[in-house]
Amino acid sequence: MNKFFPQAPAWVILVVSVVTLSNAAVNHSGVCNDLHFSVEARGSNHDGSLPIYKNPNASIEDRVNDLLPRMTVQEKVAQLIQGDIDGWMNMTDPLDNTLTYNQTGLEQMMEYKAGAIWAGYLAPWDKIVYAIMIGQQYLMENTTLGIPAIIQSEGLHGFTDNGTTWPSPIGLAASFNAPLLQEAARTIATEAEGLGYSQLFAPVLDLSRELRWGRVEENYGEDPFLTSQMGRAYVTGVQSGRRRNVSDTATARVAATCKHFTAYGSPHGGLNLAPVTGGERELRTYYLKPFNYACLDALSIMTAYASYDGVPNVANKYLLTDILRDEWGYKYFVTSDAGSVDFLITLHGICPTRECAAKLTLENGLSGEMGGGTYTYLTLPDQITSGTVDVSYVDETVKTILRTKLALGLFENPYPYPDYASTMRTQATRDLLHQMEQEAIVLLENNNNILPLSTDINSIALIGPQSDRVTFGDYVFFNASNNGITPLQGFTEFLANTSVKINFAEGCKLWSNDESGFSEAIATAKKSDVAIVMVGTWSLDQTLLWTPGSNATTGEHVDLSDLSLVGAQFPLVQAIQATGTPTIVVFVSGKPVTNPWIQQNVDAVVQQFYPGELGGLAIAEIIFGVVNPSGKLPVSFPRSVATTPVFYNYLKGGRPVDPGMIYPNDSLLFGHQHVLDTPVPTWSFGRGLSYTTFNYTDLQLSCSTIGTDEDFNVTVTVHNTGSMHGKEVVQVYMIDLFSSVVTPNMELIGFTKVDIPAGQSKTVTIPVVSSQLAVWSLRQVLISTSSPSKNKLICVITTFFV
């Protein structure tokens, strides 16, 4: 007896799939008479030949088209709903290593939620391997068709179950080193792959244009081009290669998941989940570009919680079908975010019922449903029976997840590797991490070249609540910080073989106004040659971040009304600076900090976006000049939250400047933009100083005039004119002098990082693709290669900081 057709035998629910949505002829109650397989044995052919979908040498499309007609409605819907290993494993205790499972729970889970399985838990590795092995063996060996599951976890800045933790994405972006990020992503996928995972929920391609939003740290910054390049590097690194013992038709070993599609990073008020307002030109100019460039070969995309222009993204036909599927030709799996289908009922007020939410999400988005809600897609079989949902939408969506699974080679080998431990936390990965930690640090101010410090000095004061703390960004698991090195540990290790003494005082807590520790900190600074004050924001791991009563200033659902230092941190900086001891401030943060007094009054400022495990050592190496800083800001720093937004690529006319000022003696200078402040950021996107100096010569374009269908190159010679080896990020910007619509003030269109020994030079060539110069025109079309115009004037600016 079947749950959805109680009066009919099981074979009756077989429904022949349609190839396109335009074909409406679907048999809802029976099967065709000319099938080449038996409805009682759908995993085999009448003539004994191997079904095409089981043939590893057949094309992916042929395998999809052979498998789909063999599936029942319930099997199809089960492919679209995320399951969870906690259905057959007890995952409540992260230290428990009991290798037993619940057979009944396993069977129930796989009957209704079998397409993708969440396994992103903190647990001993052998327990994870056991759970995944049990689940995949059941699907492969004990179900009619033997369709494996995609096994999912997080991977925003490292594999989360005791894998290597990298800097948060905003820190990775500060490296401006896409090839390095690609190698980092490769290691993240390798750690996940060996344990049996086949999908990671990253990269995040939201733009950090609304700095109050808590998830700024998860992004690659404010610029669509930088985000595009870093996002593509991550996708390529994660997906490159194949799983062991799979078909040559497989194209990836782990699926990257581009999220959150789209425009999620600019919510009203900076509030998580809040609506995003904008038109199509803004969408095309900024938000869609990273997804179009980085994600067309990604094997998965995740939709956003928010609405855009009044339409919830999870059920936005124009975004998910018209643009993503039809215009861009995206053919892989799209999933909702956790619980977001239910938000059509509870948040957006679009649907009154679960049936409505499931129907709108499926038909408008051709996407699957993640857990975290009421599993509205369980209503689809009954809706298909009643005729309220056309099975063709289910068929087309199932094709996308089957295509993803075949591209991963899961039908041949969905299992963990016996030697998985050999790929976890290797020395090679740690060496790569060390380089990324160093390249992600940004030198913002260096008055009188106080940095780098010499190991000939007698002592340093290490002061502040970030000095003896490992501060990772969100999307790490509980106790991940145990793998990290605090700055105090890093300085101690670095200075171990020198005579430099470290004098330490915390001064204050991150989250408190208590200044009782100031006297010790002041005394510590006075007896030291230099004071290093480490302050900033903080996030929490995925357990504590969602625990009622915990505190954080950044992270998912942690949104700010003020971007300045919290509690006693800013008064601590002022107190140390007032001692007269040369003062270096290090911001350890997940977003910009707005205390312009610091920029104006201390001797040096260093930005370290949330680091990875070796961040405490890397900051010591930068401060003492073993490594020359080469990071650049991926996001601009406003003077206060009131002067936001401050992204550099604002539309022309968007930043009139007639500033006012409040002087240190409290006298007032009145202006207009703003009356007592300025819209100009304290530090702008792309800024980053070095301990050496660079000079640029021989700037050339490959063509003096460039047609809209012509790519071109920018070539420049970069000279290291200082006395220290250094890496420089060459940045190429475009200004569209005249256009039919208002365009950004300037746009990054190319960059590369080049390593140059002291006294030497290198010639750098940066390619620019014509589509990067396109404009969404008055006629609502993209004017680029198809434009008849052949004389578009391009102004290219190369910027650098010394």
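The coordinates are above.
About the criteria used
- Residues numbered from 1 in each chain as written.
- Predicted model: local features only at pLDDT ≥ 70, side-chain atom pairs only at ≥ 80, totals over all residues.
- Heavy atoms only, no water.
- Pairing = 2+ DSSP bridges.
- Helix = DSSP H or I, 4+ residues; strand = E, 2+ residues; numbered from the N terminus.
- Axes fitted to C-alpha atoms, helices over the stretch in contact; angles between N-to-C directions.
- Contact = heavy atoms within 4.5 Å.
- Disulfide = S-S within 2.5 Å.
- Buried < 20%, exposed > 50% of the residue type's maximum accessible area, 1.4 Å probe, protein only.
- Patch = residues over 30% accessible without salt bridge, like charges linked within 9 Å, V, L, I, M, F, W, Y side chains within 5 Å.
- Areas by Shrake-Rupley, 256 points an atom, 1.4 Å probe, with all protein chains shown as cover.
- Salt bridge = Lys/Arg side-chain N within 4 Å of Asp/Glu carboxyl O.
- Polar contact = N/O pair within 3.5 Å; in protein donor to acceptor, adjacent residues only side chain to side chain.
- Core = buried A, V, L, I, M, F, W, Y, C linked by side-chain atoms within 4.5 Å.
- Phe/Tyr/Trp six-rings, centres within 6.5 Å; stacked < 30°, edge-to-face > 60°.
- Parallel < 35°, antiparallel > 145°, perpendicular 65-115°, else oblique.
- Left-handed = near helix turned anticlockwise from the far one by under 90°.
- Nonpolar A, V, L, I, M, F, W, Y, C, P; charged D, E, K, R; others polar.

### Considerations on the sheet that holds strand β9 (residues 333–335)
Here's step 1: Pairing is parallel across the open sheet formed by 7 strands, whose spatial order is β1-β2-β3-β4-β5-β6-β9. Two strands bound the open sheet, and with one partner strand each, they are β1 (82–84) and β9. With strand direction ignored, the average angle separating the axes of adjacent strands in the sheet is 30 degrees.
Here's step 2: Looking at chain direction, strand β6 (residues 300–303) and β9 are connected through 3 bridges and run parallel. Looking at the pairing, Met302 lines up with Thr335 of β9.
Here's step 3: Here helix α9 (residues 317–327) sits on the sheet and contacts β5 (255–261), β6 and β9; the angle it forms with β5, its principal contact strand, is near 135 degrees.

### Some remarks on the state of the cysteines
Here's step 1: Tallied over the entire structure, the rule returns 2 disulfides.
Here's step 2: Between the sulfur of Cys258 and that of Cys295 lies a disulfide, 2.2 Å long from S to S. Measuring the twist about the S-S bond at about -100 degrees, one finds the Cys258-Cys295 disulfide to be left-handed. Placement of Cys258 in strand β5 and of Cys295 in the loop between α8 (280–294) and β6 is noted, with a sequence separation of 37 residues between them. Across the pair, exposure class does not vary: Cys258 and Cys295 are buried alike.
Here's step 3: Covalently, Cys351 is tied to Cys356 through a disulfide, its sulfur atoms 2.1 Å apart. Its S-S torsion of about -60 degrees marks the bond between Cys351 and Cys356 as left-handed, since a negative value means left-handed.
Here's step 4: Residue Cys351 is classed as buried on the basis of its relative accessible area, which comes to 5%.
Here's step 5: Within the chain, bonded cysteines paired by disulfides and numbered along the sequence follow the pattern 1-2, 3-4.

### Describing a nonpolar patch on the surface
Here's step 1: Taken together, Ile662, Leu668, Phe670, Val675 and Leu676 make up a surface patch of nonpolar side chains, about 450 Å² in accessible area.
Here's step 2: Its location among the elements puts Leu676 in the loop between β17 (668–669) and β18 (694–701).
Here's step 3: Of the residues examined, Leu676 reaches a relative accessible area of 31% and is grouped as partly exposed.

### With respect to the side chain of Ser208
Here's step 1: Here Ser208 is to be found in the loop between β4 (199–201) and α7 (224–239).
Here's step 2: Of the residues examined, Ser208 reaches a relative accessible area of 1% and is grouped as buried.
Here's step 3: Engagement of the side chain of Ser208 in a polar contact is seen with the side chain of Asn219, the distance being 3.0 Å.
Here's step 4: With residues near it in sequence (within four places) discarded, Ser208 still touches Val216, Asn219, Gly221, Glu222 and Val635.

### Some words on the sheet that holds strand β10 (residues 442–446)
Here's step 1: Spatial strand order, β10-β15-β14-β13-β11-β12: 6 strands in an open sheet with mixed pairing. Strands with a single pairing partner mark the edges of an open sheet, and in this sheet they are β10 and β12 (501–505). Each neighbouring strand pair of the sheet contributes to a mean axis angle of 20 degrees, computed without reference to strand direction.
Here's step 2: Pairing geometry for strand β13 (residues 530–536) and strand β14 (residues 583–589), over 6 bridges, is parallel. Across the sheet, residue Val533 finds its bridge partner in β14, namely Val585.
Here's step 3: Sheet contacts for helix α16 (residues 518–526): β11 (459–463), β12 and β13; angle to β12, the most-contacted strand, approximately 160 degrees.

### Overview of the nonpolar core
Here's step 1: The biggest cluster of nonpolar side chains holds 131 residues, and the ones touching the most others in it are Ile85, Trp88, Tyr197 and Phe261.
Here's step 2: Residues contacting Tyr197, with those up to four places away along its chain left out, are Ala119, Gly120, Ile128, Ile132, Ile151, Gln152, Ser153, Phe159, Ala192, Arg243 and Val254.
Here's step 3: In terms of nonpolar packing, the next biggest core, distinct from the first, is built from 37 residues, Ala525, Val533, Leu563 and Ile576 among them.

### Some points on the environment of Val530
Here's step 1: Considering the arrangement of structural elements, one finds Val530 in strand β13.
Here's step 2: On a C-alpha basis, the gap between Val530 and Asn720 in space is 28 Å, while along the polypeptide they are 190 residues apart.
Here's step 3: Dropping the residues within four chain positions of it, Val530 is found in contact with Leu453, Ser459, Ile460, Ala461, Thr581, Pro582 and Ile584.

### So, the side chain of Ser589
Here's step 1: Here Ser589 lies in strand β14.
Here's step 2: Within polar-contact distance, the side chain of Ser589 engages the backbone oxygen of Lys591 at 2.8 Å.
Here's step 3: Beyond its immediate sequence surroundings of up to four residues, Ser589 is in contact with Thr537, Gln607, Gln608, Phe609 and Tyr610.

### Side note on the packing of aromatic side chains
Here's step 1: A complete count under the given rule lists 22 aromatic pairs for this structure.
Here's step 2: Ring plane angle 55 degrees and centroid distance 6.2 Å describe the contact between Tyr264 and Tyr305, whose orientation is recorded as tilted. A residue pair is termed long-range when its members are at least 10 positions apart, and Tyr264 in the loop between β5 and α8 and Tyr305 in the loop between β6 and β7 (307–308) qualify at 41 residues.
Here's step 3: Classification of Tyr305 by relative accessible area gives buried; the value is 9%.

### Looking at the packing of α8 against α9
Here's step 1: Where α8 meets α9, the axes come as close as 14 Å, and the angle between the chain directions of the two elements is 60 degrees. Classified by the angle between their axes, α8 and α9 sit oblique to one another. The interaxial crossing formed by α8 with α9 has right-handed handedness. On α9, the residues that touch Glu280, Leu283, Arg284 and Leu288 of α8 are Tyr318, Leu319, Ile323 and Glu327.
Here's step 2: A class-by-class count of the residues in the contact of α8 with α9 yields 5 nonpolar, no polar and 3 charged.

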